[in-house]
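One letter stands for each residue in the lines below.
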Amino acid sequence: MCGILAVLGCSDDSQAKRVRVLELCRRLKHRGPDWSGIYQHGDSYLAHQRLAILDPASGDQPLFNEDKSIVVTVNGEIYNHEALRAGLKNHKFQTGSDCDVIAHLYEEYGENFVGMLDGIFSFVLLDIRDNSFIVARDAMGVTSLYIGWGLDGSIWISSELKGLHDDCEHFECFPPGHLYSSKTGGMRQWYNPPWFSEAIPSTPYDPLVLRHAFESAVVKRLMTDVPFGVLLSGGLDSSLVASITARYLAGTKAAKQWGAQLHSFCIGLEGSPDLKAAKEVADYLGTVHHEFHFTVQDGIDAIEDVIYHIETYDVTTIRASTPMFLISRKIKSLGVKMVISGEGSDEIFGGYLYFHKAPNKEEFHHETCRKIKALHQYDCLRANKATSAWGLEARAPFLDKEFIDVAMAIDPEWKMIKHEQGRIEKWVLRSAFDDEERPYLPKHILYRQKEQFSDGVGYSWIDGLKVHAAENVTDKMIQNAEHIFPHNTPTTKEAYYYRMIFERFFPQNSARLTVPGGASIACSTAKAVEWDAAWSNNLDPSGRAALGVHLSAYAPNSTAPAAGIMPANMTDNFHRMVELSAPGVAIQS
């Protein structure tokens with residue numbers, strides 16, 4: 001991931017302003033340590049920090065069209081750039097960068113070209129012919145982006161808050177799937193797929209269609225000119241990504257450059273569930289596996305850096321971002337610059353354990369829509385910024401536009417968790433890859449219970465965070481929390497602890513408004529908390545808060561784990577569900 005920063009229409013075009021823009025852009029250097037670039041035209045500045053993944057030698061930015069009348073600074077990857085180039089036969093390209101198509105597409109199609117891009121991106125495009133500009137962000141918000149306004153009427157664009165929060169009177173998240181045009185002076189939504197209306201779809205489940213759509217999403221993300229690997233937690237989503245990548249890597253350009261044996265990476269506390277499962281998957285797939293350990297104290301020591309880089313005070317995001325932040329540093333030290341990850345599956349398929357309590361298919365589908373639309377505030381934010389903090393790029397094939405269209409068109413009745421039929425969470429995804437003749441994964445991995453990343457790295461991680469917060473936040477502080485933090489008032493000592501750190505780095509009201517809030521159980525939206533009356537007394541974003549579902553759930557009305565909480569008959573029922581599900585649907589490729 002690169003870092004972009006633009007100041008458009010400011011009242012100052014002096015050398016001092018240019019120096020200030022460069023100074024602010026350097027705050028984003030962690031996102032793009034490979035090269036820096038800046039372009040000035042009158043009262044507008046476009047700056048860029050590059051992480052070179054494609055065409056490292058000549059793809060520096062800003063990028064231009066032939067006569068340099070159109071200037072672009074981009075953070076992202078355009079996976080269909082070769083096909084787009086083929087359709088621009090009358091244009092001459094200056095670099096081999098995938099992002100080089102953007103200026104030429106604008107020349108050819110105007111502002112309406114954005115929907116033609118298949119990839120992840122945030123960009124600012126300046127047309128010096130009339131001094132107009134557009135800003136756009138990818139469909140799901142995989143790349144991070146913020147917009148701000150200065151007192152002098154200037155518009156600021158930055159990949160991170162820290163690029164603009166000191167200089168803008170007001171700023172906010174740039175919404176995913178939107179485009180800002182200076183010609184109209186406002187936003188418009190360029191991404192509006194059928195599922196966005198939340199109407200209940202009716203397409204029958206076809207496992208082979210789903211399988212091929214996801215394989216295609218993974219394969220297109222093998223586009224790279226630098227060493228790469230996969231994040232492998234041993235859960236269903238990352239294991240499927242690793243399996244497909246290992247299966248299709250041979251014969252790709254990446255394999256010819258860097259070898260056909262896949263590298264995989266995992267992190268956890270000593271003896272954690274993820275480490276054990278990931279090692280088994282790695283051995284099964286034959287990857288070069290890298291296992292990293294951290295201690296609870298290592299994570300606690302990193303919390304301030306994590307909050308500075310992730311730019312949030314959301315509890316579940318910080319819990320999960322910390323191990324991802326730590327592993328990203330290790331991965332980058334090995335010379336790897338890109339990883340493929342499993343974000344998005346739980347939102348699309350209702351994989352979080354609270355979905356066990358969805359009352360009907362309508363509520364199930366509406367909740368998946370709500371979760372996907374909010375991804376840019378949670379998992380996308382975490383994956384993008386935790387990796388970018390160390391100059392590493394994360395790609396998420398589950399968030400592929402074409403794949404989401406297929407997955408969200410399935411009648412949600414098929415996604416529902418039905419114990420009597422042996423359907424556990426994400427059954428449609430599991431059975432799509434349950435191939436008896438050429439297995440993708442071992443059966444028990446394919447049907448492993450959902451484990452949220454912050455839990456899977458080791459249960460004592462979250463427990464340790466709570467203990468540490470309790471040592472730093474007093475009862476009196478919590479009692480007065482609503483007066484200190486009237487917006488998104490923290491209700492736990494852990495939340496209060498993170499909020500104190502965040503406010504120290506980002507004290508502006510606009511900054512605190514960029515972070516979502518509301519009640520949550522096991523990563524649910526506030527609306528889904530209504531599914532079970534008992535949840536309101538045990539609110540916690542950990543999967544172990546899903547009482548009666550998680551095999552290592554918290555004790556009722558407690559934050560302490562209780563191994564014996566699940567009745568024996570419920571444990572037996574869960575394992576019987578797995579046995580019923582495991583035969584799945586054998587599909588021939």
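Attention in this report is confined to the structure presented alongside it.

The next point concerns the sheet that holds strand E11 (residues 178–181). Within the open sheet, the six strands sit side by side as E4-E5-E6-E7-E11-E12. Their pairing is antiparallel. Among the strands making up the open sheet, the edge pair consists of strand E4 (63–64) and strand E12 (186–189). Pairing between strand E5 (residues 70–78) and strand E6 (residues 119–127): nine bridges, direction antiparallel. Its bridge partner lying in E6, Val72 is registered against Leu125.

With an omega dihedral of 5 degrees, the bond running from Gln61 to Pro62 counts as a cis peptide bond. Among the secondary structure elements, Pro62 is positioned in the loop between strand E3 (44–50) and E4. Its identity as a non-glycine residue notwithstanding, Asn131 has a phi of 60 degrees, on the positive side. Its relative accessible area of 37% is what places Asn131 among the partly exposed residues. For Glu198, which is not glycine, the phi dihedral falls at a positive 70 degrees. In this fold, Glu198 is placed in the loop between E12 and helix H4 (207–220).

What follows deals with the nonpolar core. In terms of nonpolar packing, the biggest core is built from 90 residues, with Leu117, Phe123, Phe214 and Phe403 touching the most fellow members. With six residues, helix H7 (residues 273–285) is the single largest residue contributor to this core. Counting 60 residues, the second-largest nonpolar core is a separate cluster that includes Leu28, Ala302, Ile318 and Val473.

A few words now on a negative patch on the surface. Together, Glu66, Asp67, Glu107 and Glu108 make up a negatively charged patch on the protein surface. Structurally, the position occupied by Asp67 is in the loop between E4 and E5.

With their axes 11 Å apart at the nearest point, helix H9 (residues 315–333) and helix H17 (residues 459–472) run at an angle of 115 degrees to one another. Considering only the axes of H9 and H17, their crossing is right-handed. Contacts between H9 and H17 involve Arg319, Thr322 and Pro323 from the former and Trp461, Ile462, Leu465 and Lys466 from the latter. For the contact of H9 with H17, a count of residues per class yields four nonpolar, one polar and two charged.

Turning to the pattern of salt bridges, a few remarks are in order. All chains considered together, the criterion is met by 40 salt bridges. Between Glu198 and Lys373 there is a salt bridge, with the nearest N and O atoms lying 3.1 Å from each other. With Glu198 in the loop between E12 and H4 and Lys373 in helix H11 (residues 361–373), this residue pair connects regions lying 175 residues apart in the sequence. For Lys373, a relative accessible area of 28% gives the class partly exposed. The partner of Glu363 in a salt bridge is Arg370, with the nearest N and O atoms 3.9 Å apart. The exposure class of Arg370 is partly exposed, given its relative accessible area of 22%. Linked through salt bridges whose partners overlap, the residues forming this network are Arg31, Glu160, Lys162, Glu311 and Lys385.

This next bit is on the packing of H4 against helix H5 (residues 236–248). For the pair H4 and H5, interaxial distance at closest approach is 10 Å and the crossing angle is 70 degrees. The angle between H4 and H5 falls in the class roughly perpendicular. Where H4 crosses over H5, the handedness of that crossing is right-handed. Between H4, through Phe214, Glu215, Val218 and Val219, and H5, the contact on the second element is made entirely by Leu240, Val241, Ile244, Thr245 and Tyr248.

Turning next to the sheet that holds strand E15 (residues 288–293). Spatial strand order, E15-E14-E13-E16-E17: five strands in an open sheet with parallel pairing. A strand with exactly one partner marks an edge of an open sheet, and here the two such strands are E15 and strand E17 (393–395). With direction set aside, neighbouring strand axes in the sheet form an average angle of 30 degrees. Pairing of strand E14 (residues 263–268) with E15, which is carried by six bridges, proceeds in the parallel orientation. Paired with Cys266 across the strands is Glu291, a residue of E15. In the packing of H9 onto the sheet, contacts are made with strand E13 (228–231), E14, E15 and strand E16 (338–340), and the angle to E14 comes to roughly 140 degrees.

We now examine the side chain of Ser388. Among the structural elements, Ser388 can be located in helix H12 (residues 379–388). With near-sequence residues (within four places) excluded, Ser388 lies in contact with Met1, His30 and Arg31.

With that out of the way, let us pick up H11. Along an α-helix, residues three or four apart share an orientation, since each turn contains 3.6 residues. For H11, which comprises 13 residues, the first-to-last C-alpha distance of 18 Å matches the rise-based estimate of 18 Å (1.5 Å per residue) to within 8%. Three or more residues of H11 are buried, namely Glu363, Phe364, His365, Glu367, Thr368, Cys369, Lys371 and Ile372. Buried residues along H11 sit against helix H10 (345–349).

Cut-offs and rules
Residues numbered from 1 in each chain as written. Predicted model: local features only at pLDDT ≥ 70, side-chain atom pairs only at ≥ 80, totals over all residues. Heavy atoms only, no water. Pairing = 2+ DSSP bridges. Helix = DSSP H or I, 4+ residues; strand = E, 2+ residues; numbered from the N terminus. Buried < 20%, exposed > 50% of the residue type's maximum accessible area, 1.4 Å probe, protein only. Core = buried A, V, L, I, M, F, W, Y, C linked by side-chain atoms within 4.5 Å. Patch = residues over 30% accessible without salt bridge, like charges linked within 9 Å, V, L, I, M, F, W, Y side chains within 5 Å. Areas by Shrake-Rupley, 256 points an atom, 1.4 Å probe, with all protein chains shown as cover. Salt bridge = Lys/Arg side-chain N within 4 Å of Asp/Glu carboxyl O. Lys, Arg positive; Asp, Glu negative; His and termini not counted. Charge placed at Lys NZ, Arg CZ, Asp CG, Glu CD. Axes fitted to C-alpha atoms, helices over the stretch in contact; angles between N-to-C directions. Left-handed = near helix turned anticlockwise from the far one by under 90°. Contact = heavy atoms within 4.5 Å. Nonpolar A, V, L, I, M, F, W, Y, C, P; charged D, E, K, R; others polar. Parallel < 35°, antiparallel > 145°, perpendicular 65-115°, else oblique. Expected span 1.5 Å × (residues − 1).

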